[in-house]
Amino acid sequence: MIRAARPHEYARLRDIERRAGELFREIGMPEIADDEPPSADHLASGAALYVATDDEDQPVGYALVDLVDGHAHLEQLSVVPEHGRQGIGRALLQAATDWASARGDAEITLTTFREVAFNAPFYAKHGFVAVEAQHLTDGLRAAVAKEAAEGMDTATRVVMSRSLQ
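Residues numbered from 1 in each chain as written. Predicted model: local features only at pLDDT ≥ 70, side-chain atom pairs only at ≥ 80, totals over all residues. Heavy atoms only, no water.

Draft legend 1. Expanded view of the overall build of the protein. On a plain count of helices and strands, the protein comes out with six helices and seven strands. Helices and strands in the protein line up, N terminus first, as β-α-α-α-β-β-β-α-β-α-β-α-β. What you see for the protein is a C-alpha radius of gyration of 15 Å, in line with the 15 Å of a compact globule of 165 residues. Along the longest, intermediate and shortest principal axes, the C-alpha atoms of the protein span 45 × 40 × 30 Å. Expressed as a percentage of its 165 residues, the buried residues of the protein come to 45%. (Helix = DSSP H or I, 4+ residues; strand = E, 2+ residues; numbered from the N terminus. Rg over C-alpha atoms; globule rule 2.2 N^0.38 Å. Buried < 20%, exposed > 50% of the residue type's maximum accessible area, 1.4 Å probe, protein only.)

Draft legend 2. Structural detail: the pairing of strand β5 (residues 107-113). For β5, the buried fraction is high: six of the seven residues fall into the buried class. Of the pairings in the sheet, the one linking strand β4 (residues 71-79) to β5 comprises three bridges and is parallel in character. Each bridged residue has a counterpart across the sheet, and for H73 the counterpart in β5 is T109. Across seven bridges, the pairing between β5 and strand β7 (residues 157-163) is antiparallel. Opposite I108, over in β7, you have R162 as the bridge partner. (Pairing = 2+ DSSP bridges.)

Draft legend 3. Seen up close, the packing of aromatic side chains. In total, this model carries four aromatic pairs according to the counting rule given. With a centroid separation of 5.1 Å and an interplanar angle of 75 degrees, the aromatic rings of F122 and Y123 are classed as edge-to-face. Take F122: its relative accessible area is 18%, and that puts it in the buried class. A residue is classified by how much of its surface remains accessible, and Y123, at 7% relative accessible area, is buried. Here the aromatic rings of Y123 and F128 are separated by 5.6 Å at their centres, their planes lie at 70 degrees, and the arrangement is edge-to-face. Summarising the burial analysis for this pair, Y123 and F128 share the class buried. Three or more aromatic residues link up through ring pairs in this structure, and these residues are F24, F113 and F118. The ring of F113 carries R157 above its face, with NZ or CZ at 4.3 Å from the centroid. (Phe/Tyr/Trp six-rings, centres within 6.5 Å; stacked < 30°, edge-to-face > 60°. Lys NZ or Arg CZ within 6 Å of the ring centre and 35° of its normal.)

Draft legend 4. Looking closely at the environment of L93. Inspection of the secondary structure assignment puts L93 in helix α4 (residues 88-103). Note on L93: relative accessible area 2%, which makes it buried. The sequence separation of L93 and Q76 amounts to 17 residues, and the corresponding C-alpha distance is 10.0 Å. Residue contacts for L93: discarding those within four places in its chain leaves L74, L77, F122, Y123, H126 and F128. (Contact = heavy atoms within 4.5 Å.)

Structure below.
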């Protein structure tokens, strides 16, 4: 089931991020696996925060949406590995796009790893396309610059957008 996250679940969401991050260690990106998850304050400050839950209503994945340039920007989507490849990521992505559509946003954007199978190729299968550098808005340029300042190799990253109209 997909529903809004509850504040008492933020610690669990941080654990989901850590566990999901282990997939990066398996593909030779330990620095990403070691990255600190968003703080509870950061999770609380998002524009929308959805969880996917198991049969006991415990979160097994989450999607954090923020606003960039006044429209929805998927900041994070994570699912614990043991619940991967079951459509949970797709359902969380749908919740985020539904939220953005209900707001009247023309698009939803994100930044992700270009070559990681469970990143850009996953989003491409769900209607996202790469945004060329010359078409980046100020807010998206700032998001890319922030990632670079945090040590991410921008050559491995891509900004993607999905039209909602």
